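Report on the structure
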Amino acid sequence: MSYVSCALRAAAPRCLPAPWRSPRPFSSATGPTAKKSVPYQKTLKEEGSRTGEPSRPLPPSAEVVVVGGGSLGCQTTYHLAKQGVTSVVLLERDRLTSGTTWHTAGLLWQLRPSDVEVELLAHTRDVVSRELPAETGLHTGWVENGGLFIASNKQRLDEYKRLMSLGKAYGVESYVLTPSQTKDLYPLMNIDDLYGTLYVPKDGTMDPAGTCSTLARAATARGATIIENCPVTGIQVRADNFGVKRVYAVETAHGTIQTPCVVNCAGVWARALGRLAGVHVPLVGMHHAYVVTERIEGIQNMPNVRDHDASVYLRLQGDALSVGGYESNPIFWEEVSEKFAFGLFDLDWDVFMQHIEGAINRVPVLEKTGIKSTVCGPESFTADHKPLMGEAPEVRGFFLGCGFNSAGMMLGGGCGRELAHWIIHGRPEKDMYGYDIRQVASVSLPSRRFHHSLTDNNRWIRERSHESYAKNYSVVFPHDEPLAGRNVRKDPLHEELLRQGCVFQERHGWERPGWFSPRGAAPVLDYDYYGAYGQERHRDYTYNRLLGDEYTFDFPPHHDIIKNECLTCRNALALFDMSYFGKFYLVGPEATKAANWLFTADVSKAPGSTVYTCMLNKRGGVESDLTVSRISPGDPASPLAPAFQGDGYYLAIGGAVAQHNWSHITAVLQDMKLQCKLLDCSEELGMMSIQGPLSRVVLQEVLDTDLSNEAFPFSTHKLTTAAGCTVRAMRLSFVGEMGWELHVPKADCVKVYQAVMQAGARHGITNAGYRAIDSLSIEKGYRHWHADLRPDDTPLEAGLAFTCKLKSSIPFLGREAVEAQKAKGIFRRLVCFTTEEKVPMFGLEAVWRDGKVVGHIRRADFGFAIDKTIAYGYIRDPTGGPVSLDFVKSGSYELERMGVTYPARAHTKSPFDPDNKRVKGFY
């Protein structure tokens, strides 16, 4: 019998294979041996073996074909059937769960630092603990033994307190325990180095075989067809009359099923399945392991444990424990075998050793406990540690439900339901933006999550997937940035700003300015894999050191630097490099028809006008907020003014959501079959925003046009020259000051930038970054899409009714839903809060009204001009009534931050310049 302590003694230092090579599965020859076996009493492997024939005949056609019989495949099939799709077929190449699901640990933790994920997890828990047993009379194997999160330092406990506060908005019971209280709950635990713990009594454990077999039984009862022993060999794709590629059929060794919709739930094998349809699936396979101990006296009924700082979890397994975690040097599975079913790798003890150390420290009895078996199997991981879901860009009707980063069991119910709704209705019910792979059938912009320069870059995928894996248990700080896969997309001012101390953020491959350090340049260096795989760690890494200063839930050390950028903008002027913005042209004979339908505001004005507007989905949810400028055709054509026939519109969109906008617009144009084109000039144009009371004085020296209110009013634009270069100047603001955006051909950006900075030098101009934009914009009450605005928020709820042309008779996408909501009443509303006490808030704080939790904060920051913490969140009436402005005004509010409540004031108008005088030039 092997002992846990033996692993520590046997694991000798070894240089692991470099991650870009092809390491074969291996284990230490001197390490303790143990049986390779999952700890479950029942797996579906024993219920039958692959015979070479499918478990049932293939139908000739189906509305939906799901490929992959793991957690996501079974959940999606079940929810499709439950939502009324009876002609759904699930194809599994071997037996259900045979890929990665059968060996999963099956843990379910209800609290995560994401409100959407808390909702998804809640649905999974409901499915396995209540829905399936009620439907089928079968037990899924759900065990509600609770969850215990371990904190060894203040920052970790602060993170858990944030989760506790968020949980109150969703009714998730949780408690912060002292070390002694933790000892009472878990007597075998070492508490000498404990700072505290978070206990969630209704967390638990799922059984993969029990869950998936019960899902299959329930789906079949609702009309679904599940076929095992039926590998997919091809996906037929055909182009329609407009050249759009669409799914036509699924080929197998046993026949073909005609279908308009395929769902890729193939896990580690999803990349291979995607290739059959010409779809790129950016995930990698890695070895992921745990060991199962022999019996431990006194462990029965103990909660599952997550000790994030030791990077280890302890899962209750009857009278034993499963011990696993996430290491900094995982082994990549380079050559994914098509025939790998119910298989396990040999465990590499050198790699796994760190988890043994952490486990023994936390539960010392493990040092004398035998190892019953080892489990090392494949799992799929993605570049941002989020699943890949939604309709693929390259082929309409090809959906993804894969890349779950070892969380496929616990996210499966919520994601399966959302994916089913997505397939049936064209979009999910919840805000699944963070998971959405949606791209478009275009070489230029194939992905709204990952630009093609990233998904076609194996080095980028590998680096980012490694970092996501290695940091899986790291504290989630509000302003953390990746170190992997950087410097892929740089704008024309990158080197200029780097020399001036710019500390960059990464968004969708772009390096964008975060803030400016007075201590000089802080370049992002090549990824060092945190010293894994024999890589030498960077020394004296300035950028990494500055990031480390951000690892706090208090105000960071450079809080005053961001304050200076903000107040300089408010009192003089600042230049913001916003070149990573998406810049699209909508042009053609039917461009106005498209614009009228796409945009909530009336944008069909004369050339020279600029309008702030939203785009909605058919349920009235906000898919985007952006500016739309009417333009005239260029002669000759240029990136600033393309040539076109008909009408033209210039769209400027936040860079982090540009791909999402492209995808939404393209889908609408395809569905409406309109004669117009969407052109992308994002890479060809830079964008500088000069904002502040002195912006007119400075820019009047640089621009060859009259900038007076009469000659250049707010919300207008024109072509002019700056430093001898043609630019498009727009009088707009995203920070609440008078200012202009300069849209500049990339070759001229440095020249124009230097001219502006030279003219502004004697007026106190400063560079400023997106950290300042975040503060200034929330202070003014300007919305951020995907923080204040999501696809399940409406303009009426978000205070953007003014963007909707409801007084006109012009139809627009989502109008009927908005009008219906207006007639019925608003049952939740976005509200601005301020606190007198200067405490840092970042979002996820609970909102209390008259002693009851009524919502949570979506976005928060510090407003330096008003010298207050500002927070925005949606609130509801606990009695279920509408949320009127009177309801907002009449309540007494508190915001709960990490378990402590702070009195707050609710505002129905922006607390800064509520009359909008400054943006119009009236100071």
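Just so you know, these numbers come straight off a predicted model, no measurement behind them.

A few words on the overall build of the chain. When you go through the chain residue by residue, the secondary structure sums to 21 helices and 41 strands. Taken against the 2.2 N^0.38 rule, which gives 29 Å for 923 residues, the C-alpha radius of gyration of the chain at 28 Å falls within 12% of a compact globule. Once the C-alpha set of the chain is aligned to its principal axes, its extents read approximately 85 × 65 × 60 Å. Classification of the 923 residues of the chain by burial places 63% in the buried group. Across the chain, contacts joining residues at least 24 apart in sequence account for 73% of those joining residues at least 6 apart. Approximately 33,200 Å² of the chain is accessible, and the part contributed by carbon and sulfur atoms is 49%. Once the 101 positive and 103 negative side-chain charges of the chain are each reduced to a mean point, those two points are 3 Å apart.

The strand order around the closed barrel built from six strands is β36-β39-β38-β37-β40-β41, with neighbouring strands paired in antiparallel fashion. Each adjacent strand pair in this sheet contributes to an overall mean axis angle of 40 degrees, direction not counted. In this sheet, strand β39 (residues 868-876) lies alongside strand β36 (residues 828-835) in antiparallel orientation, the contact comprising eight bridges. Bridge pairing in β39 places R829 opposite I875.

Here we come to the side chain of N329. In this fold, N329 is placed in the loop between β18 (320-324) and α8 (349-362). Residue class for N329 comes out buried when judged on its relative accessible area of 13%. Polar side-chain contacts of N329 include one of 3.4 Å to the side chain of Q354.

To continue, consider the environment of K593. Along the chain, K593 falls in helix α15 (residues 591-598). In this structure, the C-alpha to C-alpha distance between K593 and Q675, residues 82 residues apart in sequence, is 9.4 Å.

The next point concerns the pairing of strand β40 (residues 893-897). Of all the five residues making up β40, four are buried; the element is thus mostly covered by neighbouring parts of the structure. As paired elements, strand β37 (residues 846-849) and β40 share four bridges and run antiparallel to each other. Counterpart to A846 in the pairing with β40 is E896. Bridge analysis of β40 against strand β41 (residues 900-907) gives five bridges, and the strand direction is antiparallel. When the bridges of β41 are listed, L895 appears paired with Y902. With antiparallel pairing between neighbouring strands as the criterion, β40 and β41 make up a hairpin whose turn holds two residues, including M898 at a positive phi of roughly 50 degrees.

For the rest of this paragraph, the subject is helix α20 (residues 815-824). Among the residues of α20, R815, V818 and Q821 are the ones counted as buried. The buried side chains of α20 occupy one side of the element, clustering within an arc of 130 degrees when seen end-on. Exposed and oriented more than 90 degrees from the buried face of α20 are E816, A823 and K824. G825 sits one or two positions beyond α20 and adopts a positive phi of about 115 degrees.

Okay, the packing of α15 against helix α16 (residues 658-672) next. Two elements in contact, α15 and α16, have axes separated by 11 Å at closest approach and are oriented at 120 degrees. Of the two possible hands of crossing, α15 and α16 adopt the one that is right-handed. Between α15 and α16, the contacting residues are A594, W597 and L598 on the first element and H664, I665, V668, L669 and M672 on the second. Residue composition of the contact of α15 with α16, grouped by class: seven nonpolar, one polar and no charged.

Moving on: the sheet that holds strand β20 (residues 388-391). What the six strands build is an open sheet, ordered β10-β4-β3-β14-β21-β20; its pairing is mixed. Whereas interior strands pair on both sides, the edge strands pair on one side only; in this sheet they are β10 (225-227) and β20. Each strand of the sheet is rotated relative to its neighbour by a mean of 20 degrees, with strand direction disregarded. The pairing of strand β4 (residues 88-91) with β10 spans three bridges and is classified as parallel. Residue pairing for β10: V89 is matched across the bridge by T225.

Further remarks concern the nonpolar core. Grouped together as the largest cluster of nonpolar side chains are 114 residues, with contacts concentrated most on V64, V263, C415 and F576. Considering each element in turn, this core owes the most residues, eight residues, to helix α9 (residues 408-425).

Right, let's talk about the packing of helix α17 (residues 695-702) against helix α18 (residues 749-760) for a bit. For the pair α17 and α18, the least separation of the axes is 9 Å and the interaxial angle reads 125 degrees. Between α17 and α18, the interaxial angle falls into the category oblique. As α17 runs across α18, the sense of the crossing is right-handed. Here α17 contributes V698, L699, E701 and V702 to the contact with α18, which in turn contributes A755, V756, A759 and G760. A breakdown of the residues in the contact of α17 with α18 according to their chemical character gives six nonpolar, one polar and one charged.

With the rule as written, the count across this model stands at 54 salt bridges. Across the pair E135 and K82 runs a salt bridge whose closest N-O atoms are separated by 3.7 Å. In this pair, E135 sits in helix α3 (residues 115-136) while K82 sits in helix α2 (residues 71-82), placing the two residues 53 residues apart along the sequence. The class for E135 is partly exposed, based on a relative accessible area of 33%. Judged by its relative accessible area of 33%, K82 falls in the partly exposed class. A salt bridge links R162 to E845; the nearest nitrogen and oxygen atoms lie 3.7 Å apart. With R162 in helix α4 (residues 154-170) and E845 in the loop between β36 and β37, the pair connects residues that are 683 residues apart, well separated along the chain. Both residues of the pair, R162 and E845, belong to the buried class.

What describes a pair of aromatic rings is the distance from one ring centre to the other and the angle between the planes of the rings. Taken as a whole and assessed by the stated rule, the structure comprises 28 aromatic pairs. Arranged with centres 6.4 Å apart and planes meeting at 75 degrees, the rings of Y580 and F581 form a pair that is edge-to-face. For F581, a relative accessible area of 12% translates into the label buried. Following the ring pairs from residue to residue traces out a cluster consisting of F332, Y527, Y529, Y530 and Y533.

Time to look at the pairing of strand β19 (residues 370-382). Counting buried positions over the 13 residues of β19 gives twelve, a clear majority of the element. As paired strands, strand β15 (residues 283-293) and β19 are joined by eleven bridges and run antiparallel to one another. The residue of β19 that forms the bridge with T293 is I371.

With that settled, consider α3. With 22 residues, α3 extends 30 Å between its outermost C-alpha atoms, agreeing within 8% with the 32 Å of an ideal straight helix rising 1.5 Å per residue. Where α3 terminates, the next one or two residues include G137, which has phi positive at roughly 75 degrees.

So, about unusual backbone geometry. Put simply, D635 and P636 share a cis peptide bond, and its omega is 5 degrees. Even without a glycine there, the phi angle at Y529 is positive, about 55 degrees. Structurally, the position occupied by Y529 is in the loop between β24 (510-516) and α13 (542-549). Of note, Y530 is a non-glycine position whose phi angle comes to about 55 degrees, a positive value. Within the element layout of this structure, Y530 appears in the loop between β24 and α13.

This part takes up the environment of A865. Relative to the helices and strands, A865 resides in the loop between β38 (852-863) and β39. For A865 and K563, which are 302 residues apart along the polypeptide, the C-alpha to C-alpha distance reads 8.9 Å.

Calculation notes
- Residues numbered from 1 in each chain as written.
- Predicted model: local features only at pLDDT ≥ 70, side-chain atom pairs only at ≥ 80, totals over all residues.
- Heavy atoms only, no water.
- Helix = DSSP H or I, 4+ residues; strand = E, 2+ residues; numbered from the N terminus.
- Rg over C-alpha atoms; globule rule 2.2 N^0.38 Å.
- Buried < 20%, exposed > 50% of the residue type's maximum accessible area, 1.4 Å probe, protein only.
- Contact = heavy atoms within 4.5 Å.
- Areas by Shrake-Rupley, 256 points an atom, 1.4 Å probe, with all protein chains shown as cover.
- Lys, Arg positive; Asp, Glu negative; His and termini not counted.
- Charge placed at Lys NZ, Arg CZ, Asp CG, Glu CD.
- Pairing = 2+ DSSP bridges.
- Axes fitted to C-alpha atoms, helices over the stretch in contact; angles between N-to-C directions.
- Polar contact = N/O pair within 3.5 Å; in protein donor to acceptor, adjacent residues only side chain to side chain.
- Arc of directions from axis to C-beta.
- Left-handed = near helix turned anticlockwise from the far one by under 90°.
- Nonpolar A, V, L, I, M, F, W, Y, C, P; charged D, E, K, R; others polar.
- Core = buried A, V, L, I, M, F, W, Y, C linked by side-chain atoms within 4.5 Å.
- Parallel < 35°, antiparallel > 145°, perpendicular 65-115°, else oblique.
- Salt bridge = Lys/Arg side-chain N within 4 Å of Asp/Glu carboxyl O.
- Phe/Tyr/Trp six-rings, centres within 6.5 Å; stacked < 30°, edge-to-face > 60°.
- Expected span 1.5 Å × (residues − 1).

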